[in-house]
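Examination of the molecular architecture
Next come the chains, spelled out residue by residue.
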Amino acid sequence: MYDDMIDAYIEEVTEHMGHGQSKEVARELRTHILDSADALAAERKVPVDSRIVGEVIDKMGPAEKIASMYPAQKTILDHNPIKALLSLAGIAFAFLMVLLVLEVVAPEVVNLAIPGSNPPQAIFQVILSVVGALALAILVIAAIFLCMYIYESRLKTPYEARLKAFERGLLDAGSPLKAAGTIIATIIWLVLINVFWSRIPFIQSFTNNNSNAVLVPLLSDQFGPFLLYINAIGIAGIVIAVLYVIVAQKWIPSLLESLMSLSSALLFIWILAVFPFNTGLSVGVTALIKVILAVVVVGCLIGAAKQIWQAIKFAMYEKPEKGNAV
Amino acid sequence: MDDIFERFETEVKRGVIQVAVMCLLEKERYGYDIIKSLKDTGLGIEEGTLYPILRRLEDEKLLASRWVTEGPRPRKYYTITAYGKEIRGKLLGSLKSIGRAVDRLENEMNGVN
């Protein structure tokens, strides 16, 4: 009878709610619908039937609208102590990941299991590294939260619309603004690396006992052959940026971009294998740069996967972009 | 034109209803009872929309509630908290000052015309 109508309405309202909230909301709405139906039936001096219940449900408003007005239910993850624990676990995980990468690319720095080393000293060094890394991670996270707070509390409302429009412009694959930015940035770094690569200075050691830090060239002549490939990738990037603007089938530049990211990943793996170009760099500095190179390789691979997915989406749902597309 | 009016009225009412509910809950009441009182004061709303408002106010600790299971049906009774009273005072002050500003603007407008 009319119970089915009530159930269907309540189910629609509570469809996406958690179990606890859904049970309570269902109980409250059912009571209201029955109270209201009783009152309407008494007013008309008729028994409660499907027509009366249907009328009451109409007065309740669309189920979707009511559902969307409920505040999101707080889960256990929203409680502060759990959040704090999760954050600490995240920091510990991040530290372990760094340690793992270091172990792979520069085992001599981690020094966790060198046969014959003094165990207490090794453990002490590890503890010092852990505390230092945790302190650094906490500082970085605090800075991120501070930026988010300032954005949320001060800038979000007045500038939200403008920021969204700007973001849309940058995300739009065929945006001339984005293409221009990419081309200018590529030309600048190509010029810089071609002209100044042999003169890039880098600190020799972070733990130098001398009070004055010693700067040495980061790259040697061994790096020369890599320039050709770097230039090729840069030029390919410029061509792809132009293709995004002038070609209507966006999957073509997107696929080329993913190939370019894969080539970049291979190039960085090659550089990582040859590094260091200057043997004057200390073990710690070499390890740091190797970690950065490893992160860049991972970034290139993630970028390639993202661009392949984007190319598939373009191929499936492609519609000609507005503006300059032909 | 009707759409514009309806949208505008809904936006204005949304805030006013929250204050009205907080005023009504000086005394403990349940949902259906609140809707009847709102209608009596000329603030009719789509009945289902009251419950999300009550839930939101409760989440913000402005209202407290308890289930009463005696009687033919279980009912959730709401009442305003001390914190809710403090906020209600501020909201009423704000609404009154908005009302006065609108009055002044209307008077000015009529004077110009």
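Residues numbered from 1 in each chain as written. Chains lettered and ligands numbered in written order. Predicted model: local features only at pLDDT ≥ 70, side-chain atom pairs only at ≥ 80, totals over all residues.

Brief notes about the overall build of chain B
For clarity, the threshold we go by: Secondary structure counts use DSSP, requiring at least four H or I residues in a row for a helix and at least two E residues in a row for a strand, with both numbered from the N terminus. Field definition: a residue is buried when 20 or more other C-beta atoms are found within 10 Å of its C-beta, exposed when 12 or fewer are, and partly exposed for counts in between, with C-beta atoms placed from the backbone. Note on contacts: residues are paired as contacts if their backbone-placed C-beta atoms lie within 7 Å.
Within chain B, the regular secondary structure consists of four helices and three strands. Seen in sequence order, chain B has helices and strands lined up from the N terminus as α-β-α-α-β-β-α. By residue count, 22% of the 113 residues in chain B fall in the buried class. Of the contacts formed within chain B by residues at least 6 apart in sequence, a portion of 46% connects residues at least 24 apart.

Some remarks on the overall build of chain A
Each helix and strand in chain A was counted, giving eleven helices and two strands. Taken from the N to the C terminus, the helices and strands of chain A come in the order α-α-α-α-α-α-α-α-β-β-α-α-α. Of the contacts made within chain A by residues no fewer than 6 positions apart, 67% connect residues no fewer than 24 positions apart.

Comments concerning the interface of chain B and chain A
Condition: Ten residue types, Ala, Val, Leu, Ile, Met, Phe, Trp, Tyr, Cys and Pro, are classed as nonpolar, four, Asp, Glu, Lys and Arg, as charged, and the remainder, Gly among them, as polar.
If you look at the interface, chain B gives 15 residues, while chain A gives 16 residues. Contributions of two or more residues to the side of chain B that touches chain A are made by α2 (31–40), α3 (50–59) and β3 (75–80) of chain B. Sorting elements by how many residues they give to the side of chain B that touches chain A places α3 of chain B first, with five residues. Along the lines of polarity and charge, the residues of the side of chain B that touches chain A split into four nonpolar, three polar and eight charged.

Some thoughts on the pairing of strand β2 (residues 63–68) of chain B
All names here are of chain B. This is how it is decided: Two strands pair under a simple rule: DSSP has to find at least two bridges between them.
Inspection of the sheet shows β2 paired to β3 by six bridges, in the antiparallel sense. Pairing of Leu63 across the sheet is with Ile80, part of β3. Taking the residues between adjacent antiparallel strands as the criterion, β2 and β3 are bridged by six residues, where Gly71 takes a positive phi near 100 degrees.

A look at the packing of helix α1 (residues 2–14) of chain A against helix α3 (residues 50–60) of chain A
Residue and element names in this part refer to chain A. Test applied: Axes here refer to lines fitted to C-alpha atoms; in helices the fit is confined to the stretch in contact. Angles between the N-to-C directions go from 0 to 180 degrees. Our angle categories are set so that under 35 degrees counts as roughly parallel, over 145 as roughly antiparallel, 65 to 115 as roughly perpendicular, and the remainder as oblique. With the far helix as reference, a near helix turned anticlockwise by less than a right angle produces a left-handed crossing, and one turned clockwise produces a right-handed crossing.
One can describe the packing of α1 onto α3 by two numbers: an axis separation of 9 Å at closest approach and a directional angle of 15 degrees. The pairing of α1 with α3 is recorded here as roughly parallel in orientation. In terms of crossing hand, the pair formed by α1 and α3 is right-handed. Here α1 contributes Tyr2, Met5, Ile6 and Tyr9 to the contact with α3, which in turn contributes Ser50, Val53, Gly54 and Ile57. In terms of residue class, the contact of α1 with α3 is built from six nonpolar, two polar and no charged.

Re the sheet that holds β2 of chain B
All names here are of chain B. Pairing in this open sheet of three strands is antiparallel, and the strands run β1-β3-β2 from one edge to the other. Since the sheet does not close on itself, it has two edges, and those belong to β1 (29–30) and β2, each with one partner. Of the strand pairs in this sheet, β1 and β3 are connected by two bridges, and their pairing is antiparallel. Considered in β3, the bridge of Tyr30 is made with Tyr77.

As for the packing of α1 of chain A against helix α2 (residues 19–44) of chain A
Packed helix pairs are specified by the crossing angle of their axes together with the interaxial distance, meaning the distance between the axes. Residues and elements named next belong to chain A. Interaxial distance between α1 and α2 falls to 10 Å at its minimum, and their mutual angle equals 140 degrees. Judged by the inter-axis angle, α1 sits oblique to α2. The chirality of how α1 crosses α2 is right-handed. Two secondary-structure elements touch here, α1 through Ile6, Ile10, Val13 and Thr14 and α2 through Ser22, Val25, Ala26, Leu29, Arg30 and Ile33. Among the residues forming the contact of α1 with α2, the class breakdown is seven nonpolar, two polar and one charged.

Topic: the environment of Arg88 of chain B
All names here are of chain B. Relative to the helices and strands, Arg88 resides in helix α4 (residues 82–112). Residue classification places Arg88 among the buried residues on the basis of 20 C-beta atoms within 10 Å. C-alpha separation for the pair Arg88 and Val21, spaced 67 residues apart in sequence, amounts to 9.8 Å. Here Arg88 is in contact with Val19, Met22, Cys23 and Ile80, once residues within four sequence places are set aside.

Looking at the confidence of the model for chain B
Detailed conclusions should not be drawn from predicted coordinates in areas where pLDDT is low. All names here are of chain B. Stated precisely, the cut-off is as follows: What pLDDT expresses is the predictor's confidence in each residue, scored from 0 to 100.
Residues with a pLDDT of 70 or more make up 96% of chain B, whose mean pLDDT is 90. The secondary-structure element of chain B with the lowest mean pLDDT is helix α1 (residues 2–24), recorded at 85, while β3 shows the highest, at 95. Under the prediction, the complex receives an ipTM of 0.86, its pTM being 0.46.

Let's talk about the environment of Lys59 of chain A
Residue placement: Lys59 of chain A occurs in helix α3. A residue is classified by how many C-beta atoms lie within 10 Å of it, and Lys59 of chain A, with 15 of them, is partly exposed. Taking the C-alpha atoms as reference points, Lys59 of chain A and Ser36 of chain A, 23 residues apart in sequence, are found 9.7 Å from one another. Setting aside its immediate chain neighbours within four residues, Lys59 of chain A contacts Glu46 and Glu47 of chain B.

Comments concerning α3 of chain A
Residues and elements named next belong to chain A. Cut-off, in case you're wondering: This arc is built from the directions going out from the helix axis to the C-beta atoms.
The complete set of buried residues in α3 reads Ile52, Val53, Val56, Ile57 and Met60. The arc enclosing the buried residues of α3, seen along the axis, measures out at 135 degrees, which places them on a common side. Along α3, exposed side chains directed more than 90 degrees from the buried face belong to Arg51 and Asp58. Phi turns positive, to about 105 degrees, at Gly61, one or two residues after α3.

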